[in-house]
Number of protein chains: 2
Amino acid sequence: MSNELNFEGWSCPLPLRDHPTVILGHGGGGQLSAELIKHLFLPAFGNPALDQLGDSTVLQLAGGRVAVSTDSFVVRPLFFPGGNIGELAVNGTVNDLAMSGARPLYLTAGFIIEEGLPLAQLGVIVESMAAAARSAGVQLVAGDTKVVDRGHGDGVFINTAGLGLIPAGVEIGPRRARPGDVILLSGTLGDHGMAIMSVREGLQFETAIVSDTAALNGLVQDLLQAAPDVHVLRDPTRGGLAASLNEIAAASGVGMALEERLIPVEPAVQSACELLGLDPLYVANEGKLVAIVPAEQAEAALAALRAHPLGRRAARIGRVMAEHPGLVTTRTGIGGTRVVDMAIGEQLPRIC
Amino acid sequence: MSNELNFEGWSCPLPLRDHPTVILGHGGGGQLSAELIKHLFLPAFGNPALDQLGDSTVLQLAGGRVAVSTDSFVVRPLFFPGGNIGELAVNGTVNDLAMSGARPLYLTAGFIIEEGLPLAQLGVIVESMAAAARSAGVQLVAGDTKVVDRGHGDGVFINTAGLGLIPAGVEIGPRRARPGDVILLSGTLGDHGMAIMSVREGLQFETAIVSDTAALNGLVQDLLQAAPDVHVLRDPTRGGLAASLNEIAAASGVGMALEERLIPVEPAVQSACELLGLDPLYVANEGKLVAIVPAEQAEAALAALRAHPLGRRAARIGRVMAEHPGLVTTRTGIGGTRVVDMAIGEQLPRIC
């Protein structure tokens, strides 16, 4: 935990003030659990759905195609330049839903808290989640809190699951890339992963590296308005752009050719990668998307991305082809060609 | 972990055999993650929805009232008499959905694995989840795996979230208890919590105490057929029957009077509770429900519960009244009356 963080802004409501840190009882289902819900979770997330306080929450849902997704967040440190685990947990699942073209509507949240976590930190995390949910236009409708004994967790882990509705006519999926399609990227690569790594490694650059964590559902909506036939969307998180494109190439049975010089990377991120021997293509992003679109809609799609604040640096970075199915290659800056394969394991552990 | 457990029955499919334990790379989103999904998760859970392998899963859903729920499971030990964390994670969320009268349909699962967990244990847990899901008639449609470094987790934590449809006409909720209603309990109290505690404390009894973990959606369906006007359903997990009834009494603004001698408890559970100074009313259950029903449907409801294998020992244990709103009392075995209040904190940590 960085010492520069200041939690004094978060005023702990009574009666939680008696326990400045989370204790096992807060996960016990008794009075302490009820207090945590009443004084910490409900004030932040409160909405009619959550206020039902049943074993499950009852929602009225229109029928149709529903997107469902889940993700657990174990990022370390909990607070990093540009965000914290709370907004990451909201944006991450919102983005997974948006990548199927869905309009994200509802989230659930499960907290696994290590005994000893300062309540003020939990408060800031929860308020960040609430702000991120408001900003993405989703409601947190069900939650759960467990507390594990000291030394058997790591501050807090957060799981979110989400639900969204897919508008009629939208057909997006990892098997839909076709030869001739254009590969678009919505902005710079590697910001999130390198923001985390620069904190962990104590790296200092002229320009601070800041996580790109953001909800992409608004960007997707604008994109689909301009280019309704988008074939594939994916947010390159763990494993980076390399993993996303390899998965799509395998699922669609197509090859992909990238142009490395067209892929935007912040200079500070580039420097940090060089220092740590990392490749930006493999570094996680939390507010970027890759869109694979038919060539005839590529210009309109790119323009729509660039017109949105989260897509200003969008670029056309490559194309889909019939040759070498399952293989992703890139032309390097000096004109050679290399294979962008999938990393075996974990280049950067616990970045989300 | 008990030494008596035998994981040899679980044959680890290649190429996972090269890594007998989970390593950080299994959560990295690269090839190792893909192998875990392909060789361990998909064979167990495989269904057309999960096979989509997108960032989110697309389902066709009828419109109407949808129940949503989430729960994280951090039980220690992972394997206990009568079950393991995997089936608990499925049954727990199925039950939360069933308690709103919903027919559970879909689950998501998020795994937070500690580096070093034997893959054979993960395999057994995942197969138990799959079996529990089949038995409850639900599909696991989305999943996520994260790995945390050794010493920052505890074997595996599992979050499940679930989705169910509430049939028309069903109106069940914690605010619906009314004076005159009858309180029914579907079976013996305390089995799950004491099964866990007897393992942890090394207690031996003539009859082994076995967790009651079970999916209750079938029982609820039979109950609703016989007594369509059920007012409240709840499964008394963390905090036990005491917490459940206190929450309902507060939400509905009613009092409750129990008859302690009518509450079924297994003799071995009773002995274990006495030995450890615990009260069965506060001990967690994972396969029991409390139903609050209008008096005129109580007989039919009780008969329906008793006709189901999971409700054979169902009993009428008390009644709802207008007096003392928010208060739960019980007549004790020797004829006195005591208040059953909500526990402050955690009587039994990490039992689910």
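Caption draft 1: Structural view of the overall build of chain A. Summing up its helical and strand segments, chain A has eight helices and 14 strands in all. Expected size for 352 residues packed as a compact globule is a radius of gyration near 20 Å; at 21 Å, chain A falls within 12% of this value. Put simply, chain A has 352 residues, and 62% of those count as buried. Counting contacts in chain A only where the partners sit at least 6 residues apart, residues at least 24 apart contribute 85% of the total. Surface summary for chain A: the accessible area is close to 12,700 Å², and the carbon and sulfur share equals 51%. Between the averaged position of the 24 positive side-chain charges in chain A and that of its 36 negative side-chain charges there is a distance of 5 Å.

Caption draft 2: Structural context of the packing of helix H5 (residues 217–226) of chain B against helix H8 (residues 295–307) of chain B. Residues and elements named next belong to chain B. Where H5 meets H8, the closest approach of the two axes is 8 Å, and the angle between their N-to-C directions is 150 degrees. The angle between the axes of H5 and H8 places the two elements in the roughly antiparallel class. Two packed elements cross with a definite hand, and for H5 against H8 that hand is right-handed. Contact residues: H5 offers Leu219, Asp222, Leu223 and Ala226, while H8 offers Ala300, Ala301, Ala304 and Leu305. Its residues assigned to classes, the contact of H5 with H8 comprises seven nonpolar, no polar and one charged.

Caption draft 3: Structural context of the pattern of salt bridges. Taken as a whole and assessed by the stated rule, the structure comprises 34 salt bridges over all chains. When the shortest N-O distance is used, the salt bridge between Lys288(A) and Asp191(A) registers 3.6 Å. Taken together, the residues Lys288(A) in the loop between helix H7 (267–276) and strand E11 (290–293) and Asp191(A) in helix H4 (residues 191–201) connect sequence positions 97 residues apart. Given a relative accessible area of 7%, Lys288(A) falls into the buried group. In this structure, Glu299(B) and Arg316(B) form a salt bridge, with 2.8 Å as the shortest nitrogen-oxygen distance.

Caption draft 4: Spatial organisation of the pairing of strand E8 (residues 182–185) of chain B. Residues and elements named next belong to chain B. With burial as the criterion, each face of E8 is covered, one bearing Val182 and Leu184 and the other bearing Ile183 and Leu185. Two elements, E8 and strand E11 (residues 290–293), share four bridges in a ladder whose sense is antiparallel. Paired with Ile183 across the two strands is Ile292, which belongs to E11.

Caption draft 5: Summary view of the state of the cysteines. Residue and element names in this part refer to chain A. Enumeration according to the criterion identifies zero disulfides over all chains in this entry. Of all cysteine sulfurs in the structure, the one in Cys273 sits closest to Cys352, which takes part in no disulfide; the separation is 16 Å. By relative accessible area, Cys352 is classed as buried at 5%.

Caption draft 6: Structural detail: the sheet that holds strand E12 (residues 315–321) of chain A. Residues and elements named next belong to chain A. Strand order in the open sheet formed by seven strands is E9-E11-E8-E12-E10-E13-E14, with mixed pairing between adjacent strands. With partners counted over all chains shown, the strands left at the sheet margins are strand E9 (232–234) and strand E14 (337–339), one partner each. Here the average twist between neighbouring strands, direction ignored, is 25 degrees. Packing against the sheet, helix H8 (residues 295–307) makes contact with strand E8 (182–185), E11 and E12, and its axis sits at approximately 5 degrees to E8.

Caption draft 7: How the structure looks around the relation of the copies chain A and chain B. If you rotate chain A by 180 degrees and push it 0.0 Å along the axis, it lands on chain B with an RMSD of 0.0 Å. Look at the turn and shift together and you get a two-fold axis relating the two. The rotation axis passes nearest to the C-alpha of Gly63(A) in chain A, at a distance of 1.7 Å. Both copies share a contact surface, since 100% of the interface residues of chain A are interface residues in chain B too.

Caption draft 8: Highlighting the interface of chain A and chain B. Taken together, the contact pairs 76 residues of chain A with 76 residues of chain B. Each partner contributes to the roughly 5,800 Å² buried at the junction of chain A and chain B, and carbon and sulfur atoms together form 54% of this total. We note a salt bridge from Asp144(B) to Arg238(A), for which the minimum N-O separation is 2.9 Å. Remark: the boundary between chain A and chain B carries 37 residue pairs in polar contact (both at pLDDT 80 or more). Considering each element in turn, the side of chain A that touches chain B owes the most residues, nine residues, to strand E2 (residues 64–73) of chain A. Here the residues of the side of chain A that touches chain B are counted per class, giving 32 nonpolar, 27 polar and 17 charged. Pairing of strand E1 (residues 57–61) of chain A with strand E2 (residues 64–73) of chain B involves five bridges; the strand directions are antiparallel. Along E2(B), the bridge assignment pairs Val58(A) with Ala67(B).

Caption draft 9: Seen up close, the pairing of E2(A). Residue and element names in this part refer to chain A. Burial within E2 is extensive, with ten of its ten residues counted as buried. Of the pairings in the sheet, the one linking E2 to strand E7 (residues 156–166) comprises nine bridges and is antiparallel in character. Bridge pairing in E7 places Asp71 opposite Thr160.

Caption draft 10: Representation of the environment of Leu289(A) within the structure. With respect to the helices and strands, the residue Leu289(A) is situated in the loop between H7 and E11. Residues Leu289(A) and Ala243(A), spaced 46 residues apart in sequence, show a C-alpha to C-alpha distance of 13 Å.

Caption draft 11: Representation of the environment of Ile23(B) in the model. Residues and elements named next belong to chain B. Locating Ile23 in the fold gives a position in the segment before helix H1 (31–45). On a C-alpha basis, the gap between Ile23 and Val328 in space is 49 Å, while along the polypeptide they are 305 residues apart. Discounting chain neighbours no more than four positions away, the residues touching Ile23 are Leu32, Glu115 and Val147.

Caption draft 12: Structural context of the domain arrangement of chain A. Assigned domains within chain A: domain 1 (1–46), domain 2 (54–166) and domain 3 (182–339). For domain 1 of chain A and domain 3 of chain A, the distance between their C-alpha centroids amounts to 38 Å.

Caption draft 13: How the structure looks around the side chain of Thr145(B). Structurally, Thr145(B) can be placed in strand E6 (residues 139–148). Discounting chain neighbours no more than four positions away, the residues touching Thr145(B) are Arg238(A), His26(B), Gly27(B), Leu36(B), Phe41(B), Phe111(B) and Ile113(B).

Caption draft 14: Focus on the sheet that holds E6(B). Across the sheet, which stays open at both edges, the five strands sit in the order E1(A)-E2(B)-E7(B)-E5(B)-E6(B) with mixed pairing between neighbours. Each of the sheet's edge strands pairs with one partner strand only, and the pair in question is E1 of chain A together with E6 of chain B. Sheet twist, expressed as the average angle between the axes of neighbouring strands with direction ignored, equals 20 degrees. Seen against the sheet, helix H3 (residues 119–136) of chain B touches strand E5 (103–114), E6 and strand E7 (156–165) of chain B and runs at an angle of roughly 170 degrees to E5(B).

Caption draft 15: Up close: the side chain of Thr188(B). All names here are of chain B. For Thr188, the location among the structural elements is in the loop between E8 and helix H4 (191–201). Judged by relative accessible area, Thr188 falls into the buried class, the value being 6%. A distance of 2.8 Å separates the side chain of Thr188 from the side chain of Asp191, its partner in a polar contact. Look past the residues within four positions of Thr188 in its chain and what remains in contact with it is Pro264, Val265, Glu266, Asn285, Lys288 and Arg313.

Caption draft 16: Local environment of H8(A). Residue and element names in this part refer to chain A. If you check H8, its first and last C-alpha atoms are 19 Å apart, about what 13 residues at 1.5 Å a residue would give, namely 18 Å. Burial in H8 covers these residues: Gln297, Ala298, Ala301, Leu302, Ala304 and Leu305. Residues of H8 that are buried make contact with E8, helix H5 (217–226), E11 and E12.

About the criteria used
Residues numbered from 1 in each chain as written. Chains lettered and ligands numbered in written order. Predicted model: local features only at pLDDT ≥ 70, side-chain atom pairs only at ≥ 80, totals over all residues. Heavy atoms only, no water. Helix = DSSP H or I, 4+ residues; strand = E, 2+ residues; numbered from the N terminus. Rg over C-alpha atoms; globule rule 2.2 N^0.38 Å. Buried < 20%, exposed > 50% of the residue type's maximum accessible area, 1.4 Å probe, protein only. Contact = heavy atoms within 4.5 Å. Areas by Shrake-Rupley, 256 points an atom, 1.4 Å probe, with all protein chains shown as cover. Lys, Arg positive; Asp, Glu negative; His and termini not counted. Charge placed at Lys NZ, Arg CZ, Asp CG, Glu CD. Axes fitted to C-alpha atoms, helices over the stretch in contact; angles between N-to-C directions. Parallel < 35°, antiparallel > 145°, perpendicular 65-115°, else oblique. Left-handed = near helix turned anticlockwise from the far one by under 90°. Nonpolar A, V, L, I, M, F, W, Y, C, P; charged D, E, K, R; others polar. Salt bridge = Lys/Arg side-chain N within 4 Å of Asp/Glu carboxyl O. Pairing = 2+ DSSP bridges. Disulfide = S-S within 2.5 Å. Least-squares fit on C-alpha atoms with pLDDT ≥ 70 in both. Buried area = accessible area lost by both parts, 1.4 Å probe. Polar contact = N/O pair within 3.5 Å; in protein donor to acceptor, adjacent residues only side chain to side chain. Domains from an automatic or database assignment. Expected span 1.5 Å × (residues − 1).

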